[in-house]
Amino acid sequence: VQLQASGGGLVQAGGSLRLSCAASGRTFSSYGIGWFRQAPGKEREFVAAITWSGASTSYADSVKGRFTISRDNAKNTVFLQMNSLKPEDTAVYYCAADRVRYRRIVPGTSLNEYDYWGQGTLVTVSS
């Protein structure tokens, strides 16, 4: 499966953006998907994840209540709706597919649990 993130841009603090992670390949719907981000000079960190079915999700504490992850398997796409954006949300955002197909629980927060990383999309939040 190949992934491509899009939807980034420049937004003022308090604004919203919706990121998309488009996938190619017939097996997309069998993988959980995670969103990660990497700010300049910092390590890549977990943001949110969703199971292959979309039934379960998890979030980093820093985005809980502001971001929502969802998926449309018919369109081979996972979304990250980001509301109430803060300057500290500025980063390159990446999506990645779980290494395990049809995992019953939400994929974890560790980078090494994921494979098939897509190219990132830059989100810049101005104060």
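Presented here is an overview of the structure given in this document. (Residues numbered from 1 in each chain as written. Predicted model: local features only at pLDDT ≥ 70, side-chain atom pairs only at ≥ 80, totals over all residues. Heavy atoms only, no water.)

Any pair of aromatic rings gets described here by the distance separating the centres and the angle formed by the planes. Tallied over the full model, the rule gives six aromatic pairs. Between Phe36 and Phe46 the ring centres are 5.7 Å apart and the planes differ by 75°, which places this aromatic pair in the edge-to-face class. Of the two residues, Phe36 sits in strand β4 (residues 31-38) while Phe46 sits in strand β5 (residues 45-50), which places them 10 residues apart along the sequence. Judged by relative accessible area, which is 0%, Phe36 ranks as buried. Phe46 gets classed as buried once you look at its relative accessible area, which sits at 10%. With a centroid separation of 5.0 Å and an interplanar angle of 80°, the aromatic rings of Phe36 and Tyr114 are classed as edge-to-face. Separated by 78 residues along the polypeptide, Phe36 in strand β4 and Tyr114 in strand β10 (residues 114-115) bring together distant segments of the chain. Summarising the burial analysis for this pair, Phe36 and Tyr114 share the class buried. Members of the aromatic cluster, each reached through a chain of ring pairs, are Phe36, Phe46, Tyr114 and Trp117. Sitting over the ring of Tyr94, Arg44 keeps its end group 3.7 Å from the ring centre. (Phe/Tyr/Trp six-rings, centres within 6.5 Å; stacked < 30°, edge-to-face > 60°. Helix = DSSP H or I, 4+ residues; strand = E, 2+ residues; numbered from the N terminus. Buried < 20%, exposed > 50% of the residue type's maximum accessible area, 1.4 Å probe, protein only. Lys NZ or Arg CZ within 6 Å of the ring centre and 35° of its normal.)

Glancing now at the environment of Asp61. Position of Asp61 among the secondary structure elements: in the loop between β6 (57-59) and β7 (67-72). What makes Asp61 exposed here is its relative accessible area of 66%. Sequence separation between Asp61 and Ala48 is 13 residues; the distance between their C-alpha atoms is 9.6 Å. A distance of 3.2 Å separates the side chain of Asp61 from the side chain of Lys64, its partner in a polar contact. (Polar contact = N/O pair within 3.5 Å; in protein donor to acceptor, adjacent residues only side chain to side chain.)

The sheet built from four strands is open, its strands ordered β1-β3-β8-β7 with antiparallel pairing. Both edges of this open sheet fall to β1 (2-6) and β7, since each of them pairs with a single strand only. Averaged over neighbouring strand pairs, the angle between their axes works out to 15° when direction is ignored. Relative to strand β8 (residues 77-82), strand β3 (residues 17-24) is paired through six bridges, and the arrangement is antiparallel. Pairing of Arg18 across the sheet is with Gln81, part of β8. (Pairing = 2+ DSSP bridges. Axes fitted to C-alpha atoms, helices over the stretch in contact; angles between N-to-C directions.)

Everything listed is a geometric property; what it means functionally is a separate question.
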